[in-house]
Amino acid sequence: MTLTIAEEVLLLAYREDTGKPIIGSVELDCALAGALLADLAVRRRVDLDGAKVVPVDPTLVGDEELDATLARIAEERGPRKADWWVGKLRAGRLRKRLLTRLAARGVLSEQEGKVLGIFPTTRYPELDPSHEQGVRERVHNVLAGADPDERTAVLIAVMHAARLDRKAFPDAPKGRVKEIAEGQWTAEAVRKTIASIHAAVLAATTAATVAATTAGS
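Residues numbered from 1 in each chain as written. Predicted model: local features only at pLDDT ≥ 70, side-chain atom pairs only at ≥ 80, totals over all residues. Heavy atoms only, no water.

Spatial ordering of the open sheet is given by 1-2-3, a layout of three strands whose pairing is antiparallel. Strand pairing shows two members of the sheet lacking a second neighbour, strand 1 (46-49) and strand 3 (80-81), which therefore form its edges. Of the pairings in the sheet, the one linking strand 1 to strand 2 (residues 52-55) comprises four bridges and is antiparallel in character. Of the residues in strand 2, the one forming a bridge with Asp49 is Lys52. (Pairing = 2+ DSSP bridges. Helix = DSSP H or I, 4+ residues; strand = E, 2+ residues; numbered from the N terminus.)

Written as structure tokens, this is what we have:
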């Protein structure tokens, strides 16, 4: 089974036993949206022209979430900034769809319950740990000094922007994480993708947090 970058983020962001996220909802949802854009960029379906997302290849990927995102980008009138897309994509039920899909594939289990016997809640404990273990091993090797492939570098950059790296890999050298997140190891085209996605997730997270704080005041 091939996971998308967004699904890899999810597996790292949820506790294996309790099935609950280890970072806040705003950070996680922005990270997932950014991961969708990053995945399309890695697959050469979109290009990050400066700060804007530009479709370059309409060929379907074969993944319903990625293909739906690609279609939305192609249908938009004029290019939009990456952080605009992160905000737009996170506003739907993206996380729920991805969690349900992973549960349907047997990677996670889906357990309904209630908080205080009243409020409905759903937990997603791990059912098949092999998928997360594979992702962790790949990331760990890179953080330990191995040369990263483009997908792993983008995954680390997304985690760093959402502050997930500190929770998922607490012993990782901060300097190495920053080095990967800034794309210092690779060619200019890849560096541009990593920098743009990292900045977009940070900007969208800040905007969403400010909006939530204002609404609650």
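Before going further, it helps to spend a moment on the environment of Val139. Residue position: Val139 is located in helix 6 (residues 130-143). Assessed through its relative accessible area of 0%, Val139 is described here as buried. Separated by 13 residues in sequence, Val139 and Thr152 place their C-alpha atoms 6.5 Å apart. Dropping the residues within four chain positions of it, Val139 is found in contact with Thr152, Leu155, Ile156, Met159 and Phe169. (Buried < 20%, exposed > 50% of the residue type's maximum accessible area, 1.4 Å probe, protein only. Contact = heavy atoms within 4.5 Å.)

Any two packed helices are characterised by the angle at which their axes cross and by the distance between the axes. As a packed pair, helix 1 (residues 5-13) and helix 5 (residues 94-104) sit with axes 10 Å apart at the nearest point and diverge in direction by 80°. Taken as axis vectors, helix 1 and helix 5 run roughly perpendicular relative to one another. When helix 1 is examined against helix 5, the residues Ala6, Glu7, Leu10 and Leu11 are found in contact with a partner set consisting of Arg95, Leu98, Leu99, Arg101 and Leu102. Partitioning the contact of helix 1 with helix 5 into residue classes produces six nonpolar, no polar and three charged. (Axes fitted to C-alpha atoms, helices over the stretch in contact; angles between N-to-C directions. Parallel < 35°, antiparallel > 145°, perpendicular 65-115°, else oblique. Nonpolar A, V, L, I, M, F, W, Y, C, P; charged D, E, K, R; others polar.)

Read these as geometric descriptors, not functional statements.
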